[in-house]
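Notes for the structure review
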Amino acid sequence: MAPSSDPKDVLHRYLDAARDALVWKLEGLGEYDIRRPMTPTGNNLLGTVKHLAAVEFGYFGDTFGRPGPEFPWLSEGSGLNADMYATADESRDEILDLYAQARAHADTTIEALDLGSTGIVPWWGPDVQVTLQWILVHVIAEVNRHLGQADIIRETIDGAVGHRRDNDNMPPADEAFWTGYVDRLEAIAREVGGDNA
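Residues numbered from 1 in each chain as written. Predicted model: local features only at pLDDT ≥ 70, side-chain atom pairs only at ≥ 80, totals over all residues. Heavy atoms only, no water.

Per the secondary structure count, the protein includes six helices and two strands. Listing the helices and strands of the protein from first to last along the sequence gives α-α-α-α-β-β-α-α. Considered along the principal axes of its C-alpha atoms, the protein spans approximately 55 × 45 × 35 Å. Sequence-distant contacts in the protein: of pairs separated by 6 or more residues, those separated by 24 or more amount to 69%. About 11500 Å² of surface is accessible on the protein, with carbon and sulfur atoms providing 54% of the total. Across the protein, the 16 positively charged side chains and the 33 negatively charged ones have centroids separated by 3 Å. (Helix = DSSP H or I, 4+ residues; strand = E, 2+ residues; numbered from the N terminus. Contact = heavy atoms within 4.5 Å. Areas by Shrake-Rupley, 256 points an atom, 1.4 Å probe, with all protein chains shown as cover. Lys, Arg positive; Asp, Glu negative; His and termini not counted. Charge placed at Lys NZ, Arg CZ, Asp CG, Glu CD.)

Here Asn81, not a glycine, exhibits a phi torsion of approximately 65 degrees, which is positive. Mapped onto the elements, Asn81 comes out in the loop between α3 (45–60) and α4 (92–112).

With that out of the way, let us pick up the packing of aromatic side chains. Under the criterion given, the structure shown has eight aromatic pairs. The interplanar angle of 50 degrees and the centroid separation of 5.8 Å between the aromatic rings of Phe57 and Phe71 together place this pair among those described as tilted. Separated by 14 residues along the polypeptide, Phe57 in helix α3 and Phe71 in the loop between α3 and α4 bring together distant segments of the chain. Phe57 gets classed as buried once you look at its relative accessible area, which sits at 5%. Taking the relative accessible area as the measure of exposure, Phe71 reaches 11% and is therefore buried. With a centroid separation of 5.6 Å and 90 degrees between ring planes, the pair formed by Trp178 and Tyr181 is classed as edge-to-face. (Phe/Tyr/Trp six-rings, centres within 6.5 Å; stacked < 30°, edge-to-face > 60°. Buried < 20%, exposed > 50% of the residue type's maximum accessible area, 1.4 Å probe, protein only.)

Any functional reading would require information beyond the geometric quantities listed.
As structure tokens, this is what we get:
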């Protein structure tokens, strides 16, 4: 069956593909690896999923008069970046279930409204009216931005790469190729970077 050419279906399909890839980035990893900070700013896999659950509830819920749950980690006094990590009391299953609920809540909004339907993003201010199309594009960009971070984190942890479990979208090559390739890029960087290397 040919893919739909309906603009809303196309946008929704791209959003779903990114959502699925994000969840896949956690599969097969232990609790330590999904929670550990992998960048100087603490970026981690499970926290990314937690953050994006709140993003979807907010943009597809609050914006269009369908508020989702209130999250304690977004309340005043919860601390800076509290939505970007899972506490010791928040389980993987709990966060993944929350993300599934956010997706379902968002999907209901997407299915019910036309692309031209309007809403107000509360944290953008009362004078900024948006359309469902605008929000779909915004959230697709946000999910994919975080998915790119998750790609790098997952590859750093165990070498798993790609957008989908069944298709890593990488050229067929063995470990020797990749070692040589990385060495070649490092040599180029050192040659061009000179004293900055």
